[in-house]
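Single-letter residue listing:
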Amino acid sequence: MTSAPDVAPSPSGTADTCPYGHAAPSPVPGTGRQDPLGPLDLFDEAFVRDPYPWLDRLRSDAPVHRDTATGLWLVSRYEDIRRVLLDPAAFRPDNAQQAVTPLGVPALRLLARAGFRLGPALADNASDSHPGLRRVVTRFFNARRVAAAVPVTERIADELLTTVRAELDTTGRSDLFRAYAHTLPCRVMMELLGIEGLDAATLTRWSDASLELFWGRPSPDRQLELAALVAEFHEWLTELVGDRSAPADSFVGALARHRLPDGKPTDPRTVVSACFFVFVAGQSTTGQLISTALRRALAEPGIWRRSAHEEGAAEKWVEEVLRREPPVTSWRRVTARPLELGGIELPAGAELLLMLMGSGSDPDVFDDPGRMLPGRANGRHHLAFGLGRHRCPGASLARTEAAVALRAAARRLPALRLSPDAAQAPALGLLSFRAPLRVPVEEPPRTP
């Protein structure tokens, strides 16, 4: 995450000629052709709120499309994305965690003073050290540990929902993101991985800052604010990893004692990098999934009640949310050599943006993809967690936490409904992450 693609920030579309509110088509450099999609802005609020028209057009009209604003090749068809994910030799993960927006010198200096420098460990690691590191991490998210996480998640969910209940009784309103979804997975992860001496609010603040700094489009002033938080996060991780008293069976202890393929101990920088990725992915993206699942369940008739009372209903709903509206909307790869993808010849070094959200709505794979159909036969065939050697090691835990969170909320608060202003609630709109940042709720007035 210390480098960034040499691209300019995306301009906002302003013209009214496009049915999706973006500017008129512009020439594709070097081809003389008109760009059929116009200057798509991946950070634009209109795209963040409703990306599906654009994703559908990309998939049908330009499945491998070069976005001139970012320099990224947008890959939107399911089979093309699947091919990329299953061939890490041809499509390398080297750019997976690079900063989307080039960081300014003041922010870079601040990070440098904190010793911030992450090396490849998991998501961006194509070396022979990756399988062993992944095995260490995966052991902490295996079936036994996921099963053990259920009562932990239920206990913490009940505690947080008590606060939501009190807010509803006092003010008639609450926010399920702030009071519940944002905090629950962080507290669960900290307990499961044995993270002590830190409050959950601090870790979520550090994690959110990391996502915005490296996957957002922050202004120079905002970069400095975020870099200060990321520097704190890195310093804490460095101290945590440097404490050799960590038990061998703890997450940090297991990584620190792991041997690389050459027999040498894992260096502290690699352990810090692995922890950085797992601590962010293990709670921020799960919180985003929970937030989306709750928001969509409250908006869809009958889902809230069924999630509370029907066995397996919450799990099926979470799976359908992952297919249609995953928290990780895209991921990056870079071509290792010249090759063809989706009928387009790509040079070596072409930066790809895999549109995971769009792949879940590919009509060649999913029937009636625009409808939420919990329990569809191939519902788990989505690519929300990636595929192949870099598939998310915490996928089972994320699924389980989200289902438990939904079921607990639906049982504890059966009369809950979205507030009238829910449609205007802000949404997270980073390059690869999307979710409601507020889920405002209320209850109907009680009859005497």
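Every value quoted in this text rests on a predicted model; they were computed, and no experiment measured them.

Definitions and cut-offs
- Residues numbered from 1 in each chain as written.
- Predicted model: local features only at pLDDT ≥ 70, side-chain atom pairs only at ≥ 80, totals over all residues.
- Heavy atoms only, no water.
- Helix = DSSP H or I, 4+ residues; strand = E, 2+ residues; numbered from the N terminus.
- Rg over C-alpha atoms; globule rule 2.2 N^0.38 Å.
- Buried < 20%, exposed > 50% of the residue type's maximum accessible area, 1.4 Å probe, protein only.
- Core = buried A, V, L, I, M, F, W, Y, C linked by side-chain atoms within 4.5 Å.
- Contact = heavy atoms within 4.5 Å.
- Phe/Tyr/Trp six-rings, centres within 6.5 Å; stacked < 30°, edge-to-face > 60°.
- Pairing = 2+ DSSP bridges.
- Axes fitted to C-alpha atoms, helices over the stretch in contact; angles between N-to-C directions.
- Parallel < 35°, antiparallel > 145°, perpendicular 65-115°, else oblique.
- Left-handed = near helix turned anticlockwise from the far one by under 90°.
- Nonpolar A, V, L, I, M, F, W, Y, C, P; charged D, E, K, R; others polar.
- Salt bridge = Lys/Arg side-chain N within 4 Å of Asp/Glu carboxyl O.
- Expected span 1.5 Å × (residues − 1).
- Bend = angle between axes of the 7 residues up to and from the residue.

> Go over the overall build of the chain, please, and point to the residues and values.
Across its full length, the chain carries 16 helices and twelve strands. For 448 residues, the compact-globule estimate of 2.2 N^0.38 gives 22 Å, and the chain sits close to it at 22 Å. With respect to the three principal axes, the spread of C-alpha positions in the chain is 70 × 55 × 45 Å. Counting across all 448 residues of the chain, residues that qualify as buried make up 56%.

> How would you summarise the nonpolar core if you had to cite specific residues and measurements?
Core analysis: the biggest nonpolar cluster contains 93 residues, and Phe251 and Phe279 have the highest contact counts within it. For this core, the element with the highest residue contribution is helix H12 (residues 268–299), accounting for nine residues. In contact with phenylalanine 279, other than residues within four places in its own chain, are Met189, Leu193, Ile195, Ser207, Phe233, Trp236, Leu237, Leu240 and Phe251. Tyr180, Ala181, Trp304 and Leu322 belong to the second-largest nonpolar core, a separate cluster that totals 46 residues.

> Outline the packing of aromatic side chains, listing residues and values.
The final tally for this structure, using the stated rule, is 13 aromatic pairs. When the centroid spacing of 6.0 Å and the interplanar angle of 80° are considered together, the rings of tyrosine 78 and phenylalanine 366 count as edge-to-face. Highlighted residues: tyrosine 78 in helix H3 (residues 78–85) and phenylalanine 366 in the loop between helix H15 (356–359) and helix H16 (395–412), separated in sequence by 288 residues. The buried category is assigned to phenylalanine 366, whose relative accessible area is 0%. With centroids separated by 5.9 Å and ring planes inclined at 75°, the aromatic side chains of phenylalanine 116 and phenylalanine 276 adopt a geometry described as edge-to-face. Of this pair, phenylalanine 116 sits in the loop between helix H4 (105–113) and helix H5 (130–139) while phenylalanine 276 sits in helix H12, and the two are 160 residues apart along the sequence. An identical accessibility class is assigned to phenylalanine 116 and phenylalanine 276; each is buried. An aromatic cluster of at least three residues, connected via ring pairs, comprises Phe116, Phe140, Trp206, Phe214, Phe233, Trp236, Phe251, Phe276 and Phe279.

> Tell me about the sheet that holds strand E8 (residues 351–354), and name the residues and values.
Taken in spatial order, the five strands make up an open sheet running E1-E2-E8-E5-E3, and their pairing is mixed. At either margin of the open sheet sits one strand with a lone partner, and together these are strand E1 (64–66) and strand E3 (91–92). Alignment of strand E5 (residues 331–335) against E8, held across four bridges, turns out to be antiparallel. Pairing of arginine 332 across the sheet is with leucine 353, part of E8. Across the sheet, H3 lies against E1, strand E2 (73–75), E3, E5 and E8, angled at about 120° from E8, the strand it touches most.

> Break down the pairing of E5 for me, with residues and values.
Most of E5 is tucked away: five of the five residues are buried. Burial of E5 is two-sided: the residues Trp331, Arg333 and Thr335 facing one way and the residues Arg332 and Val334 facing the other way are all buried.

> Lay out the packing of helix H14 (residues 313–324) against H16 with the relevant residues and their values.
Here H14 crosses H16 at 120°, and the two axes come no closer than 8 Å. Judged by the inter-axis angle, H14 sits oblique to H16. The interaxial crossing formed by H14 with H16 has right-handed handedness. Where H14 approaches H16, its residues Ala314, Glu315, Trp317, Val318, Glu319 and Leu322 are matched on the opposing element by Arg399, Ala402, Ala403, Leu406 and Arg407. Grouping the constituent residues of the contact of H14 with H16 by class yields seven nonpolar, no polar and four charged.

> Now, about the pattern of salt bridges: what can you tell me, with residues and values included?
One pass over the full model with this rule turns up 25 salt bridges. One salt bridge connects arginine 165 with aspartate 169, and the closest N-O pair in it is separated by 2.9 Å. Taken together, the residues arginine 165 and aspartate 169, both in helix H6 (residues 143–171) and four residues apart, mark about one turn of the helix. We classify arginine 165 as buried; its relative accessible area is 18%. Through salt bridges that share partners, Arg173, Arg417, Asp421, Arg438 and Glu442 make up one connected network.

> So what about the environment of glycine 197? Which residues, and what values?
With respect to the secondary-structure elements, glycine 197 resides in the loop between helix H8 (184–193) and helix H9 (200–215). In this structure, the C-alpha to C-alpha distance between glycine 197 and phenylalanine 385, residues 188 residues apart in sequence, is 31 Å.

> How would you summarise the sheet that holds strand E4 (residues 173–175) if you had to cite specific residues and measurements?
The three strands are arranged E4-E12-E9 in an open sheet whose pairing can be described as antiparallel. Each having just a single partner strand, E4 and strand E9 (417–418) make up the two edges of the open sheet. Where H6 meets the sheet, it contacts E4 and strand E12 (440–442), and its direction lies at approximately 145° from that of E4.

> So what about H12? Which residues, and what values?
Counting along an α-helix, one turn takes 3.6 residues, and residues three or four places apart therefore face a common direction. Between its terminal C-alpha atoms H12 stretches 46 Å, which fits the 46 Å expected from 32 residues at 1.5 Å a residue. A maximum bend of about 25° is found in H12 at alanine 281. Most of H12 sits inside the fold, with 26 of its 32 residues counted as buried.

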